[in-house]
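Reading the structure
Below, each chain spelled out in residue letters.
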Amino acid sequence: MPVNFQRSVYLLLLVLSAFRLNAQNKLLVFQSDFGLKDGAVAAMKGVANSVSPDLKLYDVTHEIPAYNIWEAAYRLEQTIPYWPAGTVFVSVVDPGVGTSRKSVVLKTKAGHYIVTPDNGTLTLIARSEGIEALREIDEALNRRNDSRQSYTFHGRDVYAYTGARLAAGVITFEQVGPELPDTVVSLPHQSAVLENGALKGAIAILDVQYGNLWTNIPDTLFQRLDAKPEDMLQVSLYHKGKQVYQGVMPYARTFGDVAEGKPLAYLNSLMQVAFALNMDNFAARYHIGSGSDWSVVLKRAAAIRK
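So, here's what we can say about the structure. Along each chain, numbering runs from 1 in the same order as the chain's sequence is written. In keeping with the predicted nature of the model, local features appear solely for residues at pLDDT of at least 70, side-chain atom pairs appear and are counted solely at 80 or more, and the whole-chain, interface and lining totals rest on all residues. With hydrogens and water stripped out, all remaining heavy atoms of the structure feed into the side-chain values.

1. Section: the packing of aromatic side chains
The cut-off we apply is this: Between rings of Phe, Tyr and Trp, where Trp is taken as its six-membered ring, a pair exists when centres lie within 6.5 Å; planes separated by under 30 degrees are stacked, by over 60 edge-to-face, and by other angles tilted. Counting from the N terminus, the helices are DSSP H or I runs at least four residues long and the strands are E runs at least two residues long. Relative accessibility thresholds used throughout: buried, under 20% of the residue-type maximum; exposed, over 50%; partly exposed, between the two (1.4 Å probe, protein chains only).
Scanning all chains against the criterion turns up nine aromatic pairs. Ring geometry for F34 versus F153: centroids 5.7 Å apart, planes at 85 degrees, classification edge-to-face. In this pair, F34 is assigned in the loop between β1 (27-32) and α2 (40-51) and F153 in the loop between β6 (131-136) and α5 (154-168), connecting sequence segments 119 residues apart. Take F34: its relative accessible area is 26%, and that puts it in the partly exposed class. Between F222 and Y251 the ring centres are 4.9 Å apart and the planes differ by 70 degrees, which places this aromatic pair in the edge-to-face class. Here F222 is found in helix α6 (residues 219-222), whereas its partner Y251 is found in the loop between β12 (242-250) and β13 (263-267), with 29 residues between them in sequence.

2. Section: the side chain of Q272
The condition is simple: In this analysis, two residues are considered to be in contact whenever any of their non-hydrogen atoms come within 4.5 Å of each other.
Within the secondary structure, Q272 is located in strand β14 (residues 272-277). When sequence neighbours within four positions are dropped, the list of residues in contact with Q272 reads Y74, T215, N216, I217, P218, Y266 and L267.

3. Overview of the packing of α2 against α5
Put simply, the rule reads: Structural elements are reduced to axes, namely lines fitted to C-alpha atoms, with helices fitted over the stretch in contact, and the angle between N-to-C directions of any two is expressed from 0 to 180 degrees. In these notes the angle categories are as follows: under 35 degrees is roughly parallel, over 145 is roughly antiparallel, 65 to 115 is roughly perpendicular, and the rest is oblique. Note on convention: near helix rotated counterclockwise from far helix by under a right angle means a left-handed crossing. Clockwise means right-handed. Charged means Asp, Glu, Lys or Arg here, nonpolar means Ala, Val, Leu, Ile, Met, Phe, Trp, Tyr, Cys or Pro, and polar covers whatever is left, Gly included.
It is the contact of α2 with α5, at a shortest axis distance of 8 Å, that shows an interaxial angle of 40 degrees. Classified by the angle their axes make, α2 and α5 are oblique. Considering only the axes of α2 and α5, their crossing is right-handed. Across from A43, M44, V47, A48 and V51 in α2, the residues of α5 making contact are G155, R156, A160, Y161, A164 and R165. Each residue belonging to the contact of α2 with α5 can be placed in one class, and the counts come to eight nonpolar, one polar and two charged.

4. Thoughts on the pattern of salt bridges
Definition in use: Any carboxyl oxygen of Asp or Glu within 4 Å of a side-chain nitrogen of Lys or Arg constitutes a salt bridge here.
This structure, assessed with the given rule, holds 11 salt bridges. Note that R135 is salt-bridged to E179, the shortest N-O span being 3.8 Å. Here R135, found in strand β6, pairs with E179, found in strand β7 (residues 179-180); they are 44 residues apart in sequence, far enough to count as distant. A relative accessible area of 13% places R135 in the buried class. Each of the salt bridges in this network shares a partner with another, and the network as a whole consists of R144, R156 and D157.

5. Examining unusual backbone geometry
The residue Y67 is not glycine, and still its phi comes out positive at about 70 degrees. Considering the arrangement of structural elements, one finds Y67 in the loop between β2 (56-61) and α3 (69-79). On the accessibility criterion, Y67 (60% relative accessible area) is exposed. Notably, M271 is not glycine yet its phi reads approximately 60 degrees, a positive angle. Along the chain, the position of M271 falls in the loop between β13 and β14.

Right, here's the structure in full:
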């Protein structure tokens with residue numbers, strides 16, 4: 001084999017090895033239901049900086065309602081696609097902390113990493129981005145020193161520590177721990193479907209600042225309803241299968257297309273169907289919530305005009 005060819009192969013292997021070890025980009029993004037009234041979030045970031053002061057630390061939110069795994073799942077799906085491949089997310093909404101639920105790292109097919117308990121938090125992102133691989137955290141290797149007697153703060157002792165080591169390139173994804181089958185705990189919810197001329201979906205989240213209702217019905221599915229701006233839609237909302245609201249409203253491009261206080265259906269910033277009251281709070285007025293127990297049925301009401 002020619003010397004130059006051997007040298008080229010050797011250099012290529014070095015480059016590939018370096019890429020494998022440094023596939024992460026030193027971006028570490030946190031999410032939790034801890035709030036910011038105490039030192040919990042600061043403790044997690046302190047652990048991360050102790051692993052590597054070169055990490056860039058960011059937040060999705062720490063205002064997830066306490067124990068609300070569904071909202072944690074939604075915020076990950078809402079946020080992750082806008083971050084570059086290699087970014088590591090640490091999501092800690094963990095009402096089962098210290099129990100037998102698995103601590104895992106999921107690598108998506110788009111190249112993002114999520115460090116979290118496998119308790120339903122991965123429900124949506126696993127479906128939308130797909131699972132490239134799933135590994136259980138080996139706490140014998142990936143747990144903060146002197147923390148083995150602590151059973152109630154895995155966000156600090158396991159997840160922040162493992163996430164920081166992965167984001168900094170201290171460990172590879174393969175060194176997180178043993179590989180698991182590519183299935184995760186999934187929360188039951190109404191998937192977005194079109195059946196017999198009606199769209200069905202979940203009220204996935206509230207646009208909390210304004211009280212708008214955001215569904216999981218994408219524009220691509222909504223287009224199959226063949227609704228045009230100003231067409232009227234019949235909207236029925238359900239909680240645990242019981243109807244709690246029914247109304248007729250126009251499909252509008254933006255809020256100002258209807259009078260103040262009037263309802264509208266529109267496509268939100270994620271290009272999913274949403275409902276609002278112009279300059280008012282839909283959720284508060286009609287006592288509507290969101291999550292896996294809340295669903296919607298949407299039909300055209302073609303005979304009625306705005």
